[in-house]
Each structure stands twice: as C-alpha cells, then as structure tokens.
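Chains, contacts and geometry: an overview
Read off the chains here:
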Amino acid sequence: SDSIGKFGVVVVVRKYIIDYFAPAKLDDSLIIANKVKKIGSASIEAMQSIIKTEFELVRILVRLGCLNLSNGKSECLPSSTHEKLLGIFNEPKTI
C-alpha cells in the first residue's frame, strides 16, 4: 500500500507454477521455505517449497512484476518495496 500512494505502482503475480509431489495431512507440521532466484529491476522470481520432515511436498515458482497504475506498463520496483519483498521471500516459515 505504501508503493501505491507514494509511487503509483503495484506488485502483481505474473506467473505461478505449482508442482505437487505428495499430500500433507491436517495436523502435519510443515515448513514453507522461500528462496529468491532472480531479481530484476521490475520483477522478482522466487521458489517456494512446502516441506514435511525433509521431504518436499510442493514446489512453487512465482514471478512478481511491478506495474504502473496509470498506464498498466511494467515499471522498476521502488527500493523500499524491493527490500520488503526480499524480506518476505527469504524467511522460512513453519505452519
């Protein structure tokens, strides 16, 4: 929301590819591991994995892009948004 007000841009999901390898059960403890693969001036590509006891259940490739709201065209990510996205994608989460 900071980027919309200050810069007139939004971060959108451009691509989302999911590979399912095995199911999880309701009370399973899962780890969501995130890794930034590529950082461009207007996009970020990351890999997410859902893991149960060291076995990968799901692998997700996500590509985010930055768009200018006034013209709908690709635009460079503001540096503050760039840093926030890196923080989100580089921290493993346990659910």
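A short note on unusual backbone geometry
- Residues other than glycine seldom take positive phi values, yet T53 does so here, at roughly 40°.
- Its location among the elements puts T53 in the loop between β3 (43–52) and β4 (55–68).
- The residue E54 is not glycine, and still its phi comes out positive at about 70°.
- When you line up the elements, E54 lands in the loop between β3 and β4.

Notes on the environment of I18
- In this fold, I18 is placed in strand β1 (residues 9–20).
- As a C-alpha pair, I18 and S49 span 31 residues in sequence and 9.7 Å in three-dimensional space.
- Residues within four places of I18 in sequence aside, it is in contact with V58, R59 and I60.

Parameters at a glance
Residues numbered from 1 in each chain as written. Predicted model: local features only at pLDDT ≥ 70, side-chain atom pairs only at ≥ 80, totals over all residues. Heavy atoms only, no water. Helix = DSSP H or I, 4+ residues; strand = E, 2+ residues; numbered from the N terminus. Contact = heavy atoms within 4.5 Å.

That's the geometry; what it means functionally is another story.
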